[in-house]
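Residue-level structure breakdown
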Amino acid sequence: MALTRVASVGTTTPTTTSPTSPEPIYNPYAFAVHDNPYVIYTRLRDEAPAYWNPELRFWALSRFDDVLEGFHDFETFSSMGGVALESRRNRSHERPPFEQMIEMDPPDHTVFRKLVSRVFTVLRMAEMEDDVRQIVAGYIDAVIERGEADLVADITSPFPMDVISAVLGLSEADRPFLREVSDQILVREDGSIQIPQEAMEAMFDLLSYFQADLGRRRTSGGDGLISDLLLLEVDGRALTEAELLGFCVLLVIAGHETTTKLVSNAIEILSRHPNQRNELVAAPNLASGAVEEVLRFHNSTQYMHRTLTCDREMHGRQMHEGDSVLLLIGAANHDEREFGPTAEEFDLHRRPERHLAFGYGAHFCLGAALARLEGRVALEEIHRRLPDYEVDHDAKVRFHSSNVTGWSSLPIRFTPCSPSGNR
Ligand code: HEM
């Protein structure tokens, strides 16, 4: 399959969030929303639980029960029109150059998910714990004598890519390139639904990389999940190039971006909650509770897009077949109807019975066990080895995307130490 560079699509919309306007205006691309989405989320839940944005033409569901239903009812809320607002497309007409299971509905989705799900089970992930710890420790070793680091560039960005690359069978030398293009693919401009040219070029570069990688594996073999996929079959046939590319792109981006952001979000939040951070230093077994609360409190995935397959009324508003619907995970996870009056507070002892950080139902995050393992191990190691870290809040740089929330840069300072001293 030949790839062609695609031109920019979409429209520029300078919409901003105005907390004083009579009607809430929610634009997921507005940098002001990224700075604090929870103000507008509260208004959406209370004043417009079925919210329509006429400019960007999407509905947004913000209450826990509605978002849960959206994830659960794939027959009404289809993934086939794309899962990001800016890359939505007509469900039946347009075929992308790569086909990802995340953009399929059951029963097709079930067949594709089965091909890879055995690799990401809780049990298989637990076997990786020592390796993950070794990788994280190596990045801490590299900065610990300096007494300062960019948490993102030096620790939280490289280690998840190392882990997912090891699972997929991608070479160490290629990982900086893979991190760079994954980030670039997701970057968006303030208020604009338009996919920037740089993001499209980065997607082109990633697809070209995987085309070449697949070609090499076909002639000379190789390791890891990608090579396994070349030998697997669906409905008695080998996977097409578009399906193979779909798996590669999905797993490398999902495996890297969300977990990188999970850990840097955790450190940024804990640095603003010093008592809880001290508790974590004193009792590392609190790390898994802290991960769960970061996922609820400030998830690295803020929404998923769905397309309605039929007309539907919700909260007195008439929605139509083909309409876009955003399932606002970030808003649902702060819904006091589900989490009680302290929903807006960060509490690592909370242990919520359920949250929607990883979605729900057919598409429930395939990498949830891996993300939880990576998050826990990283928090344990960072709080054990850099216990007095301080975040330079004036110098931190936010990552601006459509639905991925996190930091591009998070400078920290800590007491220097020799790597062997506290390993
Ligand atoms: C904090 C980390 C993570 C978060 C918050 C997250 C979030 C999500 C969410 C919300 C979905 C549901 C998508 C939908 O319903 O449309 C999802 C699906 C998915 N995630 Fe994750 N994810 C994380 C980490 C990972 C990792 C480490 C991997 C690596 C394997 C991964 C791979 C996937 C895949 C392949 C799907 C699609 C599953 C399907 O379509 O059946 N994720 N993730």
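Residues numbered from 1 in each chain as written. Predicted model: local features only at pLDDT ≥ 70, side-chain atom pairs only at ≥ 80, totals over all residues. Heavy atoms only, no water.

So, about the coordination of the iron atom of the ligand. Its sole protein donor being Cys 365 (SG), the iron atom of the ligand sits 2.3 Å from that atom. Tracing the backbone shows Cys 365 in the loop between helix H16 (336-339) and helix H17 (368-385). (Donors = N, O, S within 2.8 Å, 3.2 Å for Na, K, Ca; no water. Helix = DSSP H or I, 4+ residues; strand = E, 2+ residues; numbered from the N terminus.)

Quick look at the site of the ligand now. The full set close to the ligand counts 31 residues, and His 109, Arg 113, Arg 306, His 363 and Cys 365 are the nearest of them. Here Arg 113 contributes a side-chain N or O atom positioned 2.7 Å from an oxygen atom of the ligand. Within the side chain of His 363, an N or O atom sits 2.7 Å from an oxygen atom of the ligand. Secondary-structure elements contributing two or more residues to the shell around the ligand are helix H4 (108-117), helix H12 (241-271) and strand S7 (303-308). Counted by class, the shell around the ligand contains 19 nonpolar, 10 polar and 2 charged residues. (Near = heavy atom within 4 Å. Polar contact = N/O pair within 3.5 Å; in protein donor to acceptor, adjacent residues only side chain to side chain. Nonpolar A, V, L, I, M, F, W, Y, C, P; charged D, E, K, R; others polar.)

Right, let's talk about empty space enclosed by the protein for a bit. One pass over the structure, following the stated rule, counts 1 cavity of 30 Å³ or more. When its volume is computed, the largest cavity comes out at roughly 120 Å³. Surrounding the largest cavity, 16 residues form its lining, Pro 28, His 34, Gln 302, Ser 402 and Thr 405 being those nearest its centre. At the level of elements, helix H1 (31-35), helix H2 (37-47) and strand S12 (397-399) are the ones that each hand at least two residues to the lining of the largest cavity. Taken together, the residues of the lining of the largest cavity break down into 7 nonpolar, 8 polar and 1 charged. (1 Å grid on protein atoms, 1.4 Å probe; cavity = no way out; pocket = protein on both sides within 12 Å on 5 of 7 lines; lining within 4 Å. Points joined across faces, edges and corners; volume = space filled by probe spheres on them.)

Across the protein chain, the average pLDDT comes to 93, with 93% of residues at 70 or higher. Below pLDDT 50 for its whole length, residues 1-20 participates in 48 contacts with residues either more than four positions away or in separate chains. (pLDDT = per-residue confidence, 0-100. Contact = heavy atoms within 4.5 Å.)

Quick look at the pattern of salt bridges now. Enumeration according to the criterion identifies 32 salt bridges in this entry. A salt bridge links Arg 312 to Glu 69, with the nearest nitrogen and oxygen atoms 2.9 Å apart. One end of the pair, Arg 312, is in strand S8 (residues 312-314); the other, Glu 69, is in helix H3 (residues 64-72), with 243 residues separating them in the sequence. Note on Arg 312: relative accessible area 22%, which makes it partly exposed. For Arg 337, the salt bridge identified is with Glu 336, shortest N-O distance 3.9 Å. Salt bridges sharing partners connect three or more residues here, namely Arg 45, Asp 46, Asp 335, Glu 336, Arg 337 and Glu 344. (Salt bridge = Lys/Arg side-chain N within 4 Å of Asp/Glu carboxyl O. Buried < 20%, exposed > 50% of the residue type's maximum accessible area, 1.4 Å probe, protein only.)

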